[in-house]
Amino acid sequence: MFKTFLWKEFKELKRDKKVLIGSVILPLIIFPILGVVVFASQLSTPVFSVVVLDPHAEPYAKMLESVIQREGGEVVANNGTAAQVLIIFPRGFATNVSNLSSPVTVRVETSVSANAKANQILDDALYNLTLTIAYQRINELAAKANVTVNPSLIWSPLKVERGYLTIQSKPTQAYSALLVGVARLVAFLLFPGSTPVVFYVVEGLIGERERRTLEALLSTPTKVSAIIYSKLLVSLLLGFLSSLGDLVGVSLLLLSLGLYSSVPLAQAVTLVAFIIGITIGNLLVASLLTLIFMYVLGGSSKSFQLISLVVTTFGLLASFYALAFSPSFLSFPETLSLLIPFVQFSASLMVYVAGNPLEGVTIFSASVLVTLLLLVLVASRFSSERLLLK
């Protein structure tokens, strides 16, 4: 009987073109387009213009231009061309370079629309210019003192030998720090993506009532819990399809790290699988919260708004939790934050990438098991009268 009812749900879903378009097709179109737009914005060549008002500053301007071009920027003449960054070498620039007691001024005018790549190239170019002037002054001082020095050792005398440790204090490679940073970003983006399942669960149950088919369903031998389970399965499927665009983007990002960076490809693949599991766990938690609030508040439109707000709030808490905290270093009572919905999965992801995959998988598995048990418990509490309650 349950299989028959579940098949009915999928046939109704197939007939409902709006739901299919809104939950499946649009995300698969929109997210790749957004990815292309973001990728194209990063590939766009920043345009710079260099103005030299001091003829003796020409060598410094040429050096600056060469750095900009080497870093992927384009240098154009200042003839009305829209440049994202304008760099001006004022009069007296070269004189101030030779004057050891005087600062050297260069004016930079940056468009508010300049992207991050333009600002990064600008910082690199100005750093190289600063380094050149500093080395020149150091050599002048050395010549006056009649001593031989290495300018780089005076400019940067500190040698740092950097190493990385896992949360278990075991040596690891630099790519582990990269994975932690990527995981924080992934968590920030993925956790709010589980909220559409709230609509699918509420709509699945309320829709039957509004179409006046719920009473007919309840009059059949089908158990109330079977009705709820079938609605949950369909809602979870739609929720997962809605998250598919996000997952594809995250998967491509991690796999590209495995192919074009120091991150091992096998580790990138396992992390993708783990993130897919976390996405499913988030959908289960969102479904559980929806059922709990529907049982307590009923299924009115006001209840739906409140449920959406609560689930979204918990999702945002988990997102910021991953950004702001390291769960491996939490102690009591901070560990009580793991009782907040969604935060368990955020913690499992951070522990997994921080060097303790076994503990991360354990937290994830325990969270999924508890969520499933609570889903069964809450679904069993619903009765025909409760489903009909508005």
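Residues numbered from 1 in each chain as written. Predicted model: local features only at pLDDT ≥ 70, side-chain atom pairs only at ≥ 80, totals over all residues. Heavy atoms only, no water.

> I keep staring at the packing of helix α10 (residues 224-242) against helix α11 (residues 244-260) and nothing clicks. Help me out?
Any two packed helices are characterised by the angle at which their axes cross and by the distance between the axes. One can describe the packing of α10 onto α11 by two numbers: an axis separation of 4 Å at closest approach and a directional angle of 45°. Overall, the two elements α10 and α11 adopt an arrangement that is oblique. Judged by residue contacts, Phe240, Leu241 and Ser242 of α10 engage Leu244, Gly245 and Leu247 from α11. When its residues are assigned to classes, the contact of α10 with α11 shows four nonpolar, two polar and no charged. (Axes fitted to C-alpha atoms, helices over the stretch in contact; angles between N-to-C directions. Helix = DSSP H or I, 4+ residues; strand = E, 2+ residues; numbered from the N terminus. Parallel < 35°, antiparallel > 145°, perpendicular 65-115°, else oblique. Contact = heavy atoms within 4.5 Å. Nonpolar A, V, L, I, M, F, W, Y, C, P; charged D, E, K, R; others polar.)

> Quick question: what am I supposed to make of the sheet that holds strand β3 (residues 85-89) here?
The strands that make up a sheet pair up through hydrogen bonds in the backbone, lying either parallel or antiparallel. The mixed open sheet is built from four strands, whose spatial order is β2-β1-β3-β4. Lying at the two open borders of the sheet, with one neighbouring strand each, are β2 (74-76) and β4 (107-110). Between one strand and the next, the sheet's axes are offset by a mean angle of 25°, whatever the strand orientation. Here four bridges tie β3 to β4, and the two strands are oriented antiparallel to one another. (Pairing = 2+ DSSP bridges.)

> Help me understand the nonpolar core, please; the structure alone is not making it clear to me.
A general tendency of soluble globular proteins is for nonpolar side chains to be buried together. One finds Leu254, Leu271, Ile275, Leu291, Phe342, Leu349 and Val353 to be the most contacted residues of the largest nonpolar core, which totals 61 residues. The leading source of residues in this core is helix α12 (residues 265-297), at 14 residues. What Phe342 contacts, discounting residues up to four positions off in sequence, is Phe191, Ser194, Asn282, Val285, Ala286, Leu289, Val311, Phe314, Gly315 and Ala318. Within the second largest apolar cluster, 19 residues are counted, among which are Val50, Ala61, Ile87 and Ile133. (Core = buried A, V, L, I, M, F, W, Y, C linked by side-chain atoms within 4.5 Å. Buried < 20%, exposed > 50% of the residue type's maximum accessible area, 1.4 Å probe, protein only.)

> How do you make sense of the packing of aromatic side chains when you look at a structure like this?
The geometry of an aromatic ring pair comes down to the distance between the two centres and the angle between the two planes. Overall, the coordinates contain six aromatic pairs when judged by the stated rule. With centroids separated by 5.3 Å and ring planes inclined at 75°, the aromatic side chains of Tyr295 and Phe382 adopt a geometry described as edge-to-face. With Tyr295 in helix α12 and Phe382 in the loop between α15 (357-381) and α16 (384-388), this residue pair connects regions lying 87 residues apart in the sequence. We classify Tyr295 as partly exposed; its relative accessible area is 27%. Residues Phe345 and Phe364 carry aromatic rings whose centres are separated by 5.8 Å and whose planes lie at 65° to one another, so their mutual orientation is edge-to-face. Of the two residues, Phe345 is situated in helix α14 (residues 343-353) and Phe364 in helix α15; the sequence distance between them amounts to 19 residues. One aromatic cluster is present, built from ring pairs that chain together Phe274, Phe345, Tyr352 and Phe364. (Phe/Tyr/Trp six-rings, centres within 6.5 Å; stacked < 30°, edge-to-face > 60°.)

> Before we go on, may I ask you to explain the side chain of Thr371 in this structure?
By the secondary structure assignment, Thr371 is in helix α15. Given a relative accessible area of 7%, Thr371 falls into the buried group. Each residue touching Thr371, except ones within four places of it in the same chain, is listed here: Leu284, Val285 and Leu288.

> Quick question: what am I supposed to make of helix α8 (residues 196-210) here?
Every α-helix carries 3.6 residues per turn, so stepping three or four residues along brings you back to the same face. The terminal C-alpha atoms of α8, which comprises 15 residues, lie 20 Å apart, in line with the 21 Å expected from a rise of 1.5 Å per residue. Most of α8 sits inside the fold, with 11 of its 15 residues counted as buried. Looking at α8, one finds that the buried residues are Val197, Val198, Tyr200, Val201, Val202, Gly204, Leu205, Ile206, Gly207, Glu208 and Arg209. (Expected span 1.5 Å × (residues − 1).)

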